Amino acid sequence: MGVIDEVKQRMDIVEVVSQYATLKKAGRTFQALCPFHSEKHPSFFVYPEQQSWHCFGACNTGGDIFSFVMKKEGIDFGDALRLLGQKAGITIPSKFEPEAGKEERERLYQVNQAAAQYFHNLLLNSPVGEKTREYFTSRGLSPKTVTGFQLGFSLNSWDALKQYLTERGYAESELLAAGLVIESEAGGTHDRFRNRLMFPIQDIRGRIVGFGARVLDDSLPKYLNSPQTLIFDKSNCLYGINLAVAAIRQQDLVVIVEGYMDVITAHQNGFSNVVASMGTSVTEKQIGTLKRLTRNMALALDADAAGEEATLRAIDYENTLEAEVKVIIMPEGKDPDDVIREDAKIWQNLLEEALPIIDYTFNIVTAKLDLNTAKDKSLAVDKLGLILDGMKDTVRRVHYLQKLARLADISLRDLETAIRRMKPSRGRRQTKEPDQVRVTRTLHPLLSSPVEEYCLALLLQYPELKGRNAGLSPEYFENSENREIFAVWQQADKLSSLKDELDSAIWEHLDSLVTRSLTANQIEQKYANCVLRLQEIHLKSLEVKRGEVLALEAESGGTAAELAKLEEQGIEVSVQLGELFTQRSRGSQEQRR
Ligand SMILES: [Zn+2]
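These numbers were taken from a predicted model, which means no experiment stands behind them.

A. The overall build of the protein, seen in detail. When you go through the protein residue by residue, the secondary structure sums to 28 helices and 17 strands. Looking at the 593 residues of the protein, the share that counts as buried comes to 46%. The contacts in the protein between residues at least 6 apart in sequence include a share of 65% that link residues at least 24 apart. Accessible surface, the protein: about 30000 Å² in total, of which carbon and sulfur atoms supply 49%.

Okay, here's the thing in structure tokens:
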């Protein structure tokens, strides 16, 4: 996750705005006298759910947490990000040393690439690679697959790789930093990977960040990975992602398996939307990466692992993804590699039969129970109730609560009461330490904006779109970082100069847009549709905000008549509120005179 997202997750707009204005809770919003213009009647609103603000009075504008700080402090996006980052305890690289560590990282990518090439050549050409070649052939891998995944082999030697790389100008310290050699007890260093199958691990852009290595015999450990380095963090990697990106987008589905061979065999058989988590559990960072590509995720797990994941982490997965996760249950003792090699059709069927992970959790829990007995009904409620209670998606939570209520044969209301009783800690905290509860910093779910980002990716990758005036306006971008990129793009002549104009804190985000893979057909049409969608989203979101304010005004009474009058005058709904607040302000000023 980038620093921008991290800041968004940790900072709360209500907390930030309340340092500049006196907020009053009003329904689902907060209301204040606008901190940007002088007024007597509050027309400034903060929306905690959308993490945004809007002034319906003289300003008639709004935005997110960054734009608020930018406007209030009179600073640019980068400085607003740094200011908020500081409050959130997140370090953001200073503008003046943006490339900190960049050269070092570049070198690590290079040395890994050189090592991968070396391992690959050994596999293809050396006599000692024979056994490995046979192994891959026996697993049915084609030469094209071996090349595509840059598979390799490491010699049974303590310093073959080290020698090879130092001869090519890499320093021992760099090999250490890349995790390719390790310090020996006697001092000095030696090769980490010896006599193993080598699986280079690439990031989404195809850069080699580390290696996975497997023995050919029975020696231990069976698998060995690169250690954590400046560019390798296992919890952040997805094996095969660089080769799977296009298929994931196209099929709008990602399938997550466990092993390297599962991914390789799947891809060779045309299932290109498959990636491997680098451990049994999928991490939040990995879901974060995948979420940018699709909201549909299926986990292929063996029955044991699936049971555990379902009961322990199902809700976390779904809350992070903000969508339903499915689970593909593998036949006992088999992994996807076996199944696909045996018969690709079986794999296809398993995919089609994938169950939503929550339904699977129900099956697991209730399989051992006799729901005709009072004792087991109560057990089912105990076990499933708290799990379901953690679901953020209200509609789906209620759906499953109803399912549980039916199973236990009780009313939804009784079920909810039972669940509330299971959470004594929360009740206690609320009565005893209200202040403490308030200062606890909760993480906000990220409100992602796929259309904004898709639109920017099109603009950045197809310069010819610049000449097209499709009526795109900066205000359609609700996220400041996207708005910022768009504004600079409008001014810039060349993509290369774009980076110079933008704060370095935004580069990572820019890079992800520039490298995003897009299908290169009907670009103009796609762009035009995108602009319409953005406009629609923008107007809808404004309408929702306006709706909430109108409801509040109606509640406070008297407003209905005023609004009706405005409508009679033929004033459009979109400007009615502005008129209303302006008139009010004028009115109260006149009264005071
Ligand atoms: Zn204002």
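Resuming the write-up.
B. Broad picture of the nonpolar core. Within the largest apolar cluster, 59 residues are counted, with the highest numbers of intra-cluster contacts made by Phe44, Val46, Leu81 and Leu472. Among the elements that make up this core, the one with the highest residue count is helix H22 (residues 450-461) (seven residues). Residues in contact with Leu81, not counting those within four places in the same chain, are Val3, Ile4, Val7, Phe66, Ile92 and Ala505. In terms of nonpolar packing, the next biggest core, distinct from the first, is built from 58 residues, Tyr118, Phe119, Phe232 and Ala354 among them.

C. Focus on the coordination of the zinc ion. All of the protein donors around the zinc ion are Cys34 (SG), His37 (ND1), Cys55 (SG) and Cys59 (SG); their distances to the metal are 2.0 to 2.3 Å. Angles of 99 to 118 degrees at the metal separate the four donor atoms of the zinc ion, which places the site in the tetrahedral class. Site description for the zinc ion: donor spacing in sequence, C-x2-H-x17-C-x3-C. Of this pair, Cys34 sits in the loop between strand E2 (29-32) and strand E3 (44-47) while Cys59 is found in the loop between strand E4 (52-55) and strand E5 (61-64), placing the two residues 25 residues apart along the sequence. Look at Cys34 and you get buried, because its relative accessible area is 6%.

D. View of the sheet that holds E4. What the five strands build is an open sheet, ordered E1-E2-E3-E4-E5; its pairing is antiparallel. Strands with a single pairing partner mark the edges of an open sheet, and in this sheet they are strand E1 (24-26) and E5. Here the strands of the sheet are splayed against their neighbours by 25 degrees on average, with no regard to which way each runs. Here E3 runs beside E4; their pairing, made up of four bridges, is antiparallel. The partner of Phe45 across the bridge, within E4, is His54. Packing against the sheet, helix H3 (residues 65-73) makes contact with E3, E4 and E5, and its axis sits at approximately 120 degrees to E5. Sitting on the sheet, helix H26 (residues 523-556) is in contact with E1, E2, E3 and E4, with an inclination near 115 degrees to E3.

E. Geometry of the sheet that holds strand E17 (residues 355-356). In space, the six strands of this open sheet follow the order E12-E14-E13-E15-E16-E17, with mixed pairing throughout. Among the strands making up the open sheet, the edge pair consists of strand E12 (238-239) and E17. Judged from the three bridges that link them, strand E13 (residues 254-257) and strand E15 (residues 297-302) form a sheet pairing that is parallel. Across the sheet, the residue bridging to Ile256 is Leu299, located in E15.

F. The arrangement of the confidence of the model for the protein in detail. The pLDDT averaged across the protein works out to 84; a share of 88% of its residues lies at or above 70. Residue range residues 426-441 is modelled with pLDDT below 50. Its contacts to residues more than four positions away, or to other chains, number six contacts. Contacts of residues 588-593 to residues separated by more than four positions or lying in other chains number three contacts, the stretch itself having pLDDT below 50.

Calculation notes
Residues numbered from 1 in each chain as written. Predicted model: local features only at pLDDT ≥ 70, side-chain atom pairs only at ≥ 80, totals over all residues. Heavy atoms only, no water. Helix = DSSP H or I, 4+ residues; strand = E, 2+ residues; numbered from the N terminus. Buried < 20%, exposed > 50% of the residue type's maximum accessible area, 1.4 Å probe, protein only. Contact = heavy atoms within 4.5 Å. Areas by Shrake-Rupley, 256 points an atom, 1.4 Å probe, with all protein chains shown as cover. Core = buried A, V, L, I, M, F, W, Y, C linked by side-chain atoms within 4.5 Å. Donors = N, O, S within 2.8 Å, 3.2 Å for Na, K, Ca; no water. Tetrahedral: all angles 85-135°; square planar, octahedral: opposite > 155°, others 65-115°. Pairing = 2+ DSSP bridges. Axes fitted to C-alpha atoms, helices over the stretch in contact; angles between N-to-C directions. pLDDT = per-residue confidence, 0-100.

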